[in-house]
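Each chain, letter by letter, is given below.
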Amino acid sequence: MNGKGIRIEGLSKRYGKGDTAVDALKQVDMQVAPGEVVGLIGPSGSGKSTLLKCLGAVIDPSGGRMTLGDQVIFDDGWKVRNLRALRRDKIGFVFQAPYLIPFLDVIDNVALLPMLTGMPNDQARAQALELLTALDVQHRISAMPSQLSGGEQQRVAIARGLINRPPVILADEPTAPLDSTRAMAVMRILNNMARKFETAIIVVTHDEKIIPTFKRIYHIRDGVTHEQVGEGRSLE
Amino acid sequence: MISLAGRDILHAWGKFVFTGIGLGLLIGVTLVMAGVYRGMVDDGKVLLDNSGADLWVVQKGTLGPYAESSSINDDRYRGLLGIPGIAQAANVTYLTMQIGRSDGDVRAMVVGIAPGAAGTPGWPPYLIAGRQITRSHYEAVADIASGFQLGDYLNIRRNQYRVVGLTRRMVSSSGDPMVFIPLKDAQQAQFLKDNDTLWQNRRRTEANPAFNRAEVPGLLAAINASQETSQSVNAVLVRLQPGQAADQAAEAIRRWKRLTTYTRPQMEAILIGKLIATSARQIGMFLIILALVSAAIVAFIIYSLTMDKIREIAVLKLIGTKNRTIAAMIMQQSLALGLIGFVVGKITATFAAPFFPKYVLLIPQDSVVGFFAVLAICGLASLIAIRMALKVDPAEAIGG
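Thresholds applied
Residues numbered from 1 in each chain as written. Chains lettered and ligands numbered in written order. Predicted model: local features only at pLDDT ≥ 70, side-chain atom pairs only at ≥ 80, totals over all residues. Helix = DSSP H or I, 4+ residues; strand = E, 2+ residues; numbered from the N terminus. Rg over C-alpha atoms; globule rule 2.2 N^0.38 Å. Buried ≥ 20, exposed ≤ 12 C-beta atoms within 10 Å, placed from the backbone. Contact = placed C-beta atoms within 7 Å. UniProt positions renumbered as here; feature names shortened; annotations may be inferred. Pairing = 2+ DSSP bridges. Right-handed = clockwise from strand over helix to strand, strands pointing away. Axes fitted to C-alpha atoms, helices over the stretch in contact; angles between N-to-C directions. Parallel < 35°, antiparallel > 145°, perpendicular 65-115°, else oblique. Left-handed = near helix turned anticlockwise from the far one by under 90°. Nonpolar A, V, L, I, M, F, W, Y, C, P; charged D, E, K, R; others polar. Arc of directions from axis to C-beta. pLDDT = per-residue confidence, 0-100.

**What about the overall build of chain A?**
If you tally the helices and strands in chain A, you get six helices and 10 strands. Compactness check: chain A gives a C-alpha radius of gyration of 18 Å against a globular reference of 18 Å for 236 residues, within 12% of the reference. Within the span of chain A, comprising 236 residues, buried residues form 49% of the whole. When contacts within chain A are restricted to residue pairs at least 6 apart in sequence, long-range pairs at least 24 apart make up 69% of them.

**Some remarks on the UniProt feature "domain: ABC3 transporter permease C-terminal" (unreviewed entry) in chain B**
Residues annotated in UniProt with the feature "domain: ABC3 transporter permease C-terminal" (unreviewed entry) correspond here to residues 285-394 of chain B. End C-alpha atoms of residues 285-394 of chain B are separated by 44 Å, and the span's content is 82% helix alongside 0% strand.

**Details of the pairing of strand β8 (residues 200-204) of chain A**
Residue and element names in this part refer to chain A. The element β8 is extensively covered by neighbouring structure, given that five of its five residues are classed as buried. Side chains Ala200, Ile202 and Val204 project from β8 onto one buried face, and the interleaved Ile201 and Val203 project onto a second face that is buried too. Note: strand β3 (residues 37-41) against β8, four bridges, orientation parallel. Across the sheet, residue Val38 finds its bridge partner in β8, namely Ile202. Relative to β8, strand β7 (residues 168-172) is paired through five bridges, and the arrangement is parallel. Residue pairing in the sheet places Ala171 in a bridge with Val203 of β8. With helix α6 (residues 180-197) bridging β7 and its parallel neighbour β8, the resulting β-α-β unit is right-handed.

**A look at the packing of helix α5 (residues 150-162) of chain A against α6(A)**
All names here are of chain A. The geometry of α5 relative to α6 is characterised by a closest axis approach of 11 Å and an angle of 20° between their N-to-C directions. Relative to α6, α5 is oriented roughly parallel. Between α5 and α6 lies a crossing whose hand is right-handed. In this structure, α5 uses Gly150, Gly151, Gln154, Arg155, Ile158 and Leu162 to contact α6, whose residues at the interface are Arg182, Ala185, Val186, Ile189, Leu190, Met193 and Phe197. Residue classes in the contact of α5 with α6 are distributed as eight nonpolar, three polar and two charged.

**Quick notes on helix α8 (residues 264-275) of chain B**
All names here are of chain B. Those residues of α8 not exposed but buried are Met267, Ile270 and Leu271. Within α8, the buried residues cover an arc of 90° as seen down the axis, which keeps them to one side. Exposed residues on α8 whose side chains face more than 90 degrees from its buried face are Pro265, Ala269 and Gly273.

**Things to note about the interface of chain A and chain B**
Listed per partner, the contact involves 25 residues of chain A and 20 residues of chain B. Every element with two or more residues in the side of chain A that touches chain B is listed here: α1 (48-55), α2 (83-90) and α3 (106-116) of chain A. A per-element tally of the side of chain A that touches chain B places α3(A) first, with five residues. Of the residues assigned to the side of chain A that touches chain B, the class counts are 15 nonpolar, four polar and six charged.

**Remarks on the UniProt feature "transmembrane region" (unreviewed entry) in chain B**
Residue and element names in this part refer to chain B. Here the UniProt feature "transmembrane region" (unreviewed entry) sits at residues 12-37, 283-305, 326-356 and 368-390. End C-alpha to end C-alpha, residues 12-37 measures 38 Å, and it is 96% helix and 0% strand. Annotated as 100% helix and 0% strand, the span residues 368-390 places its first and last C-alpha atoms 32 Å apart.

**Concerning the confidence of the model for chain B**
Residue and element names in this part refer to chain B. Across chain B, pLDDT averages 90, with 100% of residues at or above 70. Looking over chain B, one finds the lowest element-wise mean pLDDT in helix α6 (residues 219-228), namely 85, and the highest in strand β6 (residues 139-143), namely 96. Taken together, the chains of this predicted complex give a pTM of 0.76 and an interface ipTM of 0.81.

**Focus: the packing of helix α11 (residues 323-352) of chain B against helix α12 (residues 364-391) of chain B**
All names here are of chain B. Contact geometry of α11 with α12 gives a least axis separation of 8 Å together with a crossing angle of 145°. α11 and α12 meet at a crossing whose hand is right-handed. Within the contact of α11 with α12, the residues separate by chemical class into 17 nonpolar, seven polar and one charged.

**Quick word on unusual backbone geometry**
Here A:Asp76, not a glycine, exhibits a phi torsion of approximately 55°, which is positive. Relative to the assigned elements, A:Asp76 resides in the loop between β5 (71-75) and α2. Judged by C-beta crowding, with 12 C-beta atoms within 10 Å, A:Asp76 ranks as exposed. For B:Arg258, which is not a glycine, the phi torsion comes out positive at approximately 50°.

So this is what it looks like as structure tokens:
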């Protein structure tokens, strides 16, 4: 690990106070290098979503330390003032459902974020087209989300997550609604994108089909993570 | 920068257009209501303009002749002509009544005009067909809105009048069309008693020995004749010589003739401030209610549209979209809805106005005020939806 990617040390999250307090995360330690795709698996209620929300700067962890690249972003408190900007510039999201904006066509769904941050529309669309070409959906750039298949929608969502070239992507069960062929295709894309853009990708999943594809897996149980070496099965 | 509101509207244009049309009809009604008020004010001003008077001389202590009844002797105008600065003075009577015609009747204001020629105060200042009244009796000039045509006959009390001229936009402050007839006929129509009352009065006079004196032949007949004719008019319309100050002349009439006199601004204040004040308040209440209903509708629609996009808003917030971008999207949609509504409303009001029985005056000033009021209402109405959108937790996009 060269200091890039994301490192989480002793992260915890407690809901409530006193007798009613619940420790959703007790001791989370993770490290994901740039270009690496790791799995985060665990039973329902184990704290996966809470961890994802903490990593995504959506909720406040109770303690621990998070380092993104060379920057400590959390150390028993946020070290970044503007969490929204942190999410926008440093973290990409891919969801179980694509959640594309229904009134924007494919290219503008992907180009939206840079457009909203002031990049000229043409330049943002050019960047989006480059990503969509890499994801092999460049032929659907003018289509509306409702006109796309599930796999195409997910690829567009991945492109949206990558548009700002974030160092980390958090993927929340990205293959859940897909059949095994499409699920493997999405995993292939994520691995390719991770390598191409030097992005650290954390995939939260229950999907038995894709678990063997990870080289490293973090199990989370009762709010504690355990690292395990995965099968790293070929995606080709 | 991309316009999220614009793209959403284009995507769901049917919803926006139909909602805008519904809102537009409401805004159209609001504009027409404002137009009705403006029409009433304009009717009042037209009434004053068309009378051709600079001063209105009426019974002392009254707000006549339009807002209250007023009765003064028909020879008082002679004395007024002797006051410096007065160019013309003419008697006039006003009586609002149902006028009979062949196919029913029509509500109109009957104006009794003094003998003279076109230009005499009280006379219709212009005609669109026919001629002015030239005979002393049984001729009439009618406003075209009354429905009479040249050569038609109309019935006022017991007499029949032939329409010899038509005029336009001669209305009372209530918007009733005017019918001009000779003063003597109007006085008779206004003060004429029925036959039983005439007979009863004659009998009582005859029974009074002071009036029925054998040694004074003709006394009884003279007294009866005086009781059966009217020497009263409602007002004297005065036109001043050029350059004469109206207040000065009015003060002279008040002082020397002991009559109440109103200048043009005073008469306008009576018409607008007193005669149509209740109607104006009524319309004002309607305007407030319509504004509240419009605001409620816009708020509900924008709230519903925003509720439909909760997940997308959560995603936008999660990926780092600024609050002001989301707020602007909702606000712009609300304003766009208002804009569509206003355009539809303005078109509706413009085309519907001529079909209203009373004069509806749509003035650009009201449209401009209405436009900004609609935008303000829509802006305020969107605040609830914006508040809700800003409270959306970006974590909702992640689930769990």
